[in-house]
Amino acid sequence: MSAYWSDLVHRLTPYVPGEQPKMANLVKLNTNENPYGPSPKALAAIAAETNDTLRLYPDPNSDLFKQAVARFFSVTPASVFVGNGSDEVLAHVFLGLLKHDKPLLFPDITYSFYPVYCGLYEIDYATVPLDAQFGIRIDDYLAQDAGAIILANPNAPTSRLLPLADIERLAAGKPDCVIVIDEAYIDFGGESAVPLTQRHPNLLVIQTLSKSRSLAGLRAGFAIGHPALIEALERVKNSFNSYPLDRMTIAGAAAAMDDVAWFDATRQRVIASRDTLTASLQALGFEVLPSAANFIFARHPARDGLELAQALRARGIIVRHFKLPRIDQFLRITIGTDEQCAILSTTLAEILG
Ligand SMILES: *Cc1c(COP(=O)(O)O)cnc(C)c1O
């Protein structure tokens, strides 16, 4: 606390990301990173940008990246906004599209950055409880007066998927509300809502290259929606930072979007490992929520969640545990390589005795 701070800073409760420990030889299954490397073509594109041109500012519109996203989804570049990680895209979305007189709605259990943005931008919000199986009930949102709605699909940290038909029903039922779908994990088992943005001008879809394209260290994300929604985001971005994406990121992100073969091969490996790991944990007595993401959310009926997380940590395996109501008995476990998944299963079997 300091008298030099603005009033707003005194009131902030910042987001706490999963730890990035400096120790070697850890099995790191706590921040949903991809165990397989980025596309070799993306790495080559990044390396090719590391030269004398770095003395020049990058393209403020990141057109190369925008065009690659537009190509991948068969939409126009005017329907695409890009940012420095989807967290930055989200920040601009909260300020530019989700701040209204009526409250913003999101689930009681979801990405814990959402309430943090609400604090930063002083956005009025209300949470809507997930059902007993941790599912989102669209009717609860349709029934409530809202200024806007944001949902993660698949949801985090529950890993559960909402069918596309439900998203369409929500977008059609609330035509005066912006509906944002955060698809950070959609490539691991769901169908993207991007095609729906073509007929619902109130629908905005956000994705990241951090998970399914294995580029968490590069910082690239994007949003797709009606050009009027995109223009709001460009206005916020150009009032904040003209050059959020550097030259390496623009080139690497564009090449990663274009390398569809690498993207498909690596995400299929993660999906296969997830199914194997789910079966192994179920055999150990865990309840595992049905996952459409690159992580699973699991609890053991006889063992405390925090104790299990600490026991794993003592054995060099890091998973994520949230000390929050309703989910404090769960572990969120990132899908690693098959070898890492096997080490996890064996270690859990030892801990459970
Ligand atoms: C990981 C994640 C993001 C942020 O991704 P970045 O692009 O790395 O900033 C956004 N939303 C959800 C739900 C996530 O899990």
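For the structure itself, consult the block above.
Thresholds, definitions, all that
- Residues numbered from 1 in each chain as written.
- Predicted model: local features only at pLDDT ≥ 70, side-chain atom pairs only at ≥ 80, totals over all residues.
- Heavy atoms only, no water.
- Pairing = 2+ DSSP bridges.
- Helix = DSSP H or I, 4+ residues; strand = E, 2+ residues; numbered from the N terminus.
- Axes fitted to C-alpha atoms, helices over the stretch in contact; angles between N-to-C directions.
- Buried < 20%, exposed > 50% of the residue type's maximum accessible area, 1.4 Å probe, protein only.
- Near = heavy atom within 4 Å.
- Polar contact = N/O pair within 3.5 Å; in protein donor to acceptor, adjacent residues only side chain to side chain.
- Areas by Shrake-Rupley, 256 points an atom, 1.4 Å probe, with all protein chains shown as cover.

*Asks:* Looking at this model, I keep getting lost on the sheet that holds strand S8 (residues 221-224). Mind explaining?
*Replies:* Within a sheet, neighbouring strands are paired by backbone hydrogen bonds and run either parallel or antiparallel to one another. Across the sheet, which stays open at both edges, the seven strands sit in the order S2-S8-S7-S6-S5-S3-S4 with mixed pairing between neighbours. A single partner strand is all that each edge strand has here, and the edge strands are strand S2 (80-83) and strand S4 (125-128). Across the sheet, the mean angle separating the axes of adjacent strands is 20 degrees when strand polarity is ignored. Pairing geometry for strand S5 (residues 148-152) and strand S6 (residues 178-182), over five bridges, is parallel. Opposite Ile150, over in S6, you have Val180 as the bridge partner.

*Asks:* What should I look at first to understand the pairing of S6 in this one?
*Replies:* Within a regular beta strand, the side chains point alternately toward one face of the sheet and then the other, so they alternate between its two faces. Where burial is concerned, most of S6 is hidden: five out of the five residues are buried. Residues Val178, Val180 and Asp182 line one face of S6 and the alternating positions Ile179 and Ile181 line the opposite face, and both faces are buried. Relative to strand S7 (residues 203-208), S6 runs parallel, the two being bridged by four bridges. Among the inter-strand pairings, Ile181 is bridged to a residue of S7, identified as Val205.

*Asks:* Can you walk me through the site of the ligand in this structure?
*Replies:* In the vicinity of the ligand, the contacting residues are Gly85, Ser86, Asp87, Leu90, Tyr111, Asp182, Ala184, Tyr185, Thr208, Ser210, Lys211 and Arg219. In this structure, an oxygen atom belonging to the ligand sits 3.0 Å away from a main-chain N or O atom of Asp87. Within the side chain of Lys211, an N or O atom sits 3.0 Å from an oxygen atom of the ligand. Protein chains shield 92% of the accessible area of the ligand, which is 380 Å² for the free molecule. Counting residues per element, the shell around the ligand draws most heavily on helix H4 (residues 85-97), at four residues.

Interpretation in functional terms is not warranted from these geometric data alone.
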